[in-house]
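So the chains spell out like this:
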Amino acid sequence: MIRILMCGPIAKSGGVSNHTQCLANELKKFNIYVITHNLVGTENELDHSNFRKIYQRTLGLINEAFRRRNDYDIIHVQVSGGFFSFITAVTGTIVSRTLCKPFVVTFHYRPSRELIEKYKIIFSFVLANVDAFIVVS
């Protein structure tokens, strides 16, 4: 049985949230853990400050991934747009390499050439270390 640690938004609306929820529902036959950084509109509403979002994409993800390291086999990160969302992919890369876990990234946007050029080293780091890269179009 494959167990997946997934990081992505879970909200009542939005394309990436819908994708994450549908994927989680279809994978119920596996043990799937969903870590979310966007709970707007759910029963579990939390503080939605930018600090909280960045924390959940970095230190929060690292903490949860290490705490549950024996509970999953694969890390899957949903990246929904822009550099600050991409931080989750960087964090996931670091965790996956530290814990020797396969790493999947799903991109839900098309980054601009300017963004890729500006953060070329960071994009290259993720792309060099990802085991599967999915682009939604």
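Each value, and the rule that gives it
- The numbers attached to residues start from 1 for each chain and follow its sequence in the written order.
- For a predicted model such as this one, the threshold for reporting local features is a pLDDT of at least 70, and the threshold for listing and counting side-chain atom pairs is 80 or more; totals across whole chains, interfaces and linings nevertheless cover every residue.
- Side-chain measures were taken over the full set of non-hydrogen atoms in the model, leaving aside hydrogen atoms and water.
- Every axis corresponds to a line fitted to the C-alpha atoms, with the helix fit spanning only the stretch in contact, and the corresponding angles, defined between N-to-C directions, vary from 0 to 180 degrees.
- Secondary structure follows DSSP: runs of H or I at least 4 residues long count as helices, runs of E at least 2 residues long count as strands, and numbering of each begins at the N terminus.
- Angle categories: roughly parallel below 35 degrees, roughly antiparallel above 145, roughly perpendicular from 65 to 115, and oblique for all the rest.
- Throughout, a crossing is termed right-handed when the near helix is turned clockwise from the far one, and left-handed when it is turned anticlockwise from it by less than a right angle.
- Between two residues, a contact is recorded if the distance between any of their heavy atoms is within 4.5 Å.
- Each residue gets one label: Ala, Val, Leu, Ile, Met, Phe, Trp, Tyr, Cys and Pro are nonpolar, Asp, Glu, Lys and Arg are charged, and the others, such as Gly, are polar.
- Here the term buried applies to any residue with accessible area under 20% of the maximum for its type, exposed to any over 50%, and partly exposed to those in between, with areas from a 1.4 Å probe on protein chains only.
- Along the arc lie the directions from the helix axis toward the C-beta atoms.
- N or O atoms within 3.5 Å of each other form a polar contact, as long as, within protein, one can give a hydrogen and the other can take it, and as long as residues adjacent in sequence are counted only when both atoms are side-chain atoms.

Digging into the packing of helix α4 (residues 82–99) against helix α6 (residues 120–129)
Packing of α4 against α6 leaves a shortest axis separation of 10 Å and a crossing angle of 45°. Viewed along their axes, α4 and α6 adopt a mutual orientation that is oblique. At the point where α4 passes α6, the crossing takes the left-handed sense. Contact residues: α4 offers Phe 83, Phe 86, Ala 89, Val 90, Thr 93, Ile 94 and Arg 97, while α6 offers Ile 122, Phe 123, Phe 125, Val 126 and Asn 129. Residue classes in the contact of α4 with α6 are distributed as nine nonpolar, two polar and one charged.

Topic: α6
Because each turn of an α-helix spans 3.6 residues, side chains separated by three or four positions end up pointing in the same direction. Listed in full, the buried residues belonging to α6 are Phe 123, Val 126 and Asn 129. Buried residues in α6, looked at end-on, bunch into an arc of 145°, giving them a common side. In α6, the exposed positions angled more than 90 degrees off the buried face are occupied by Ile 121 and Ala 128. Against α4, β4 (103–107) and α5 (113–118) lie the buried residues of α6.

A few points about the side chain of Gln 78
Following the sequence through the fold, Gln 78 ends up in strand β3 (residues 74–79). You can call Gln 78 buried: its relative accessible area is 0%. Side chain to side chain, Gln 78 and His 76 meet in a polar contact 3.4 Å long. A polar side-chain atom of Gln 78 sits 2.6 Å from a polar atom in the side chain of His 108.

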